[in-house]
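The lines below spell out each chain.
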Amino acid sequence: MLTLYYGPGACSMASHIVLEESGEKYEPRRMDLAKGEQRTEAYLKMNPQGRVPLLQLDNGEPLAENTAILPYLGKRFGLWPKDGTAEAKALSTIGFFAASVHPAHAHVGRPERYTADQSAFPGIKEQGLKTFHGHLKQIDGMYAGREWLGDGYSVLDPYAFVFYTWGVRRELPMGELKNYTALKDRMLKRPAVGRVLEDEKIKV
Ligand SMILES: N[C@@H](CCC(=O)N[C@@H](CS)C(=O)NCC(=O)O)C(=O)O
C-alpha cells in the first residue's frame, strides 16, 4: 500500500487529490510543517530534503519530489500520457511548475532561504509575488480553449490547482484569470477534490 506524507495546503495536495481519486486504499500521513515535523530525524532519513510530498512505495521505499511522484502516480492510475511526445510535454509542464512556479512562491513564504539579511525580506517577498503572479498568468494562458493541460484530465491539473489555491491565499486577483478560474471550478466539481480540501482545511 502507498503512504503519502503531506502538509495541509502544501504542494503535496496534488498527490493527495490523485490518490484520493484513485480508488486505491492508501495511507495519508499528515505532517505539521509549522511544528517542523518534516525535520525530525526519522523523517529526514526518508527525505533528507525535509519536504513534503513524500510517497512511501508498496515495498516501503521512499520517493520524494513532485517531478517523480506525480508521473509515478499518473502511470499507476491512468492519468499520464502514453505517447512519447505527449509524455515529454507533460514532463516539461511539471518541470516548469516545480522549478519556476513553486520557487517563485517560496520567495514570498520563505525569504530566509534566499538571504540571511532580514532587511532584504520585504524586497524578496515583493518580487517573488510579482514573479509568481506572472507565472499564474502564464498558466491561465495554458488553459485557454482547453479543459485540461493534457489531452485529458491528468496529474498536471491537480498540480496546477495547488498554485491557484496559493494565489487565493496571497490575495492575488485570481478571478481575473478566467481560464484558470474555470479550471478551479472544474476541479471543485470532483468529489475527491472536495474531500481533500475539507481534510486540509483549505478554502478556495
Ligand atoms: N522540490 C520539492 C519541493 C517540495 C516543497 O518545497 N515542499 C514544501 C511544501 S509546499 C515543504 O515541504 N516545506 C517545508 C519546509 O520548507 O520546511 C517538490 O517539488 O517536491
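Fair warning: this is a prediction, and the values are worked out from it, not measured in the lab.

### Examining the overall build of the protein
Then step 1. Each helix and strand in the protein was counted, giving eight helices and four strands.
Then step 2. N-terminal to C-terminal, the α/β element order of the protein is β-α-β-α-β-β-α-α-α-α-α-α.
Then step 3. Whereas a compact globule of 204 residues would reach a radius of gyration of roughly 17 Å, the protein reaches 17 Å, a difference of no more than 12%.
Then step 4. Here the C-alpha coordinates of the protein stretch approximately 50 × 45 × 35 Å along the principal axes.
Then step 5. Relative to its 204 residues, the protein shows a buried fraction of 33%.
Then step 6. Sequence-distant contacts, at least 24 apart, represent 63% of the contacts inside the protein between residues at least 6 apart.

### Focus on the sheet that holds strand S4 (residues 62-64)
Then step 1. Spatial strand order, S2-S1-S3-S4: four strands in an open sheet with mixed pairing. Strand pairing shows two members of the sheet lacking a second neighbour, strand S2 (26-30) and S4, which therefore form its edges. Between one strand axis and the next, the sheet turns by 20° as a mean value, whatever way the strands run.
Then step 2. Two elements, strand S1 (residues 2-6) and strand S3 (residues 54-56), share three bridges in a ladder whose sense is antiparallel. Within S3, the residue paired with threonine 3 across the bridge is glutamine 56.
Then step 3. Across the face of the sheet, helix H1 (residues 13-22) comes into contact with S1, S2 and S3 while running at roughly 145° to S1.

### Structural notes on the pairing of S1
Then step 1. For S1, the buried fraction is high: four of the five residues fall into the buried class.
Then step 2. Inspection of the sheet shows S1 paired to S2 by five bridges, in the parallel sense. Following the sheet pairing, tyrosine 5 is matched in S2 by arginine 29.
Then step 3. For the crossover from S1 across H1 to S2, the handedness is right-handed.

### Looking at the site of the ligand
Then step 1. In the vicinity of the ligand, 13 residues are found, and the nearest of them are Ala10, Cys11, Arg51, Val52 and Asn66.
Then step 2. Within the shell around the ligand, the residues separate by chemical class into six nonpolar, five polar and two charged.

### Notes on the domain arrangement of the protein
Then step 1. As far as domains go, the protein holds domain 1 (2-77) and domain 2 (84-190).
Then step 2. At the interface, twelve residues of domain 1 touch eleven residues of domain 2.
Then step 3. Among the residues making up the side of domain 1 that touches domain 2, the classes are represented as seven nonpolar, four polar and one charged.

Analysis parameters
- Residues numbered from 1 in each chain as written.
- Predicted model: local features only at pLDDT ≥ 70, side-chain atom pairs only at ≥ 80, totals over all residues.
- Helix = DSSP H or I, 4+ residues; strand = E, 2+ residues; numbered from the N terminus.
- Rg over C-alpha atoms; globule rule 2.2 N^0.38 Å.
- Buried ≥ 20, exposed ≤ 12 C-beta atoms within 10 Å, placed from the backbone.
- Contact = placed C-beta atoms within 7 Å.
- Pairing = 2+ DSSP bridges.
- Axes fitted to C-alpha atoms, helices over the stretch in contact; angles between N-to-C directions.
- Right-handed = clockwise from strand over helix to strand, strands pointing away.
- Near = placed C-beta within 6 Å.
- Nonpolar A, V, L, I, M, F, W, Y, C, P; charged D, E, K, R; others polar.
- Domains from an automatic or database assignment.

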